[in-house]
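Inside the fold
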Amino acid sequence: MDGSRGDRYKARDSSIQSRKRKRTQCLSNVLFSIIKPDATRRNLTGAVNAKLEGAGLRIVAQKRLQLTEAQAKAFYAVHKERPFYGELVSFMISGPVVVQVLEGQNAVAKNREIMGATNPANAEPGTIRKEFAESIEANSVHGSDSLENAKNEIAFFFSESEIVG
Ligand code: CMP
């Protein structure tokens, strides 16, 4: 390399590529999470996050927003034949949500443990849903059930530049 402008551009470009690669590698164990309207209404965002962080998950992206009906319908489209679909959509737009990307070793499995069973009546003591959920519908949190779904769900709400590992 002779220090010419072309070489400096190449060097900078490869350093950007290497940072991007590192970021993608460290985000290989991620999941998507929602703090639902029943929890934001009761000011429980910090309490939920304390459970997630206390168990070793890192919040690498987070934003609070009001879902539109179209967004809620599209996000839960997999459930559209279920009898509870309409109520689920109405509930998810009944107040603000906090959407998040969480990172950690075995993140999907770990988050399932931290959340507890979908129905709080069946959740283990100490889990988010046992402590905070009001019902099977108002169950405080959603978490991706697989890495594959996590990637799709993350792409639904976040651009790559918003995820900072
Ligand atoms: P979540 O993990 O967000 O994925 C789908 C949601 O549908 C689930 O959490 C519950 O909140 C909701 N759900 C699942 N089963 C029922 C049910 N039988 N009645 C009402 N809501 C349900």
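Residues numbered from 1 in each chain as written. Predicted model: local features only at pLDDT ≥ 70, side-chain atom pairs only at ≥ 80, totals over all residues. Heavy atoms only, no water.

**A short note on the overall build of the protein chain**
Looking only at helices and strands, the protein chain features 8 helices and 4 strands. For the protein chain, the succession of helices and strands along the chain, N to C, is α-β-α-α-β-α-α-β-α-α-β-α. Sorting the 165 residues of the protein chain into buried and exposed places 39% on the buried side. Across the protein chain, the fraction of contacts at a sequence separation of at least 24, relative to all contacts at a separation of at least 6, is 77%. (Helix = DSSP H or I, 4+ residues; strand = E, 2+ residues; numbered from the N terminus. Buried < 20%, exposed > 50% of the residue type's maximum accessible area, 1.4 Å probe, protein only. Contact = heavy atoms within 4.5 Å.)

**Observations concerning the sheet that holds strand β1 (residues 30-35)**
Pairing is antiparallel in the open sheet, where 4 strands are placed in the order β2-β3-β1-β4. Bordering the open sheet on either side are β2 (58-65) and β4 (141-143), each of which pairs with just one other strand. Across the sheet, the mean angle separating the axes of adjacent strands is 20° when strand polarity is ignored. Pairing analysis gives 7 bridges linking β2 to strand β3 (residues 97-103), with the strands arranged antiparallel. (Pairing = 2+ DSSP bridges. Axes fitted to C-alpha atoms, helices over the stretch in contact; angles between N-to-C directions.)

**Observations concerning the environment of A47**
Relative to the helices and strands, A47 is located in helix α3 (residues 45-54). On the accessibility criterion, A47 (29% relative accessible area) is partly exposed. With 81 residues separating them in the primary sequence, A47 and I128 have C-alpha atoms 8.9 Å apart.

**Some points on the nonpolar core**
If you look at the biggest cluster of nonpolar residues, it comprises 22 residues, and the most contacted ones within it are F32, M92, V101 and F158. Looking at this core, the elements that each hand over two or more residues are β1, β2, α4 (69-75), α5 (85-92), β3 and α8 (147-157). With 5 residues, α5 is the largest single contributor of residues to this core. Aside from chain neighbours lying at most four places away, what touches F32 is F75, V99, Q100, H142, G143, S144, A150, E153, I154, F157 and F158. I35, L52, A107 and V108 belong to the second largest nonpolar core, which has 17 residues in total. (Core = buried A, V, L, I, M, F, W, Y, C linked by side-chain atoms within 4.5 Å.)

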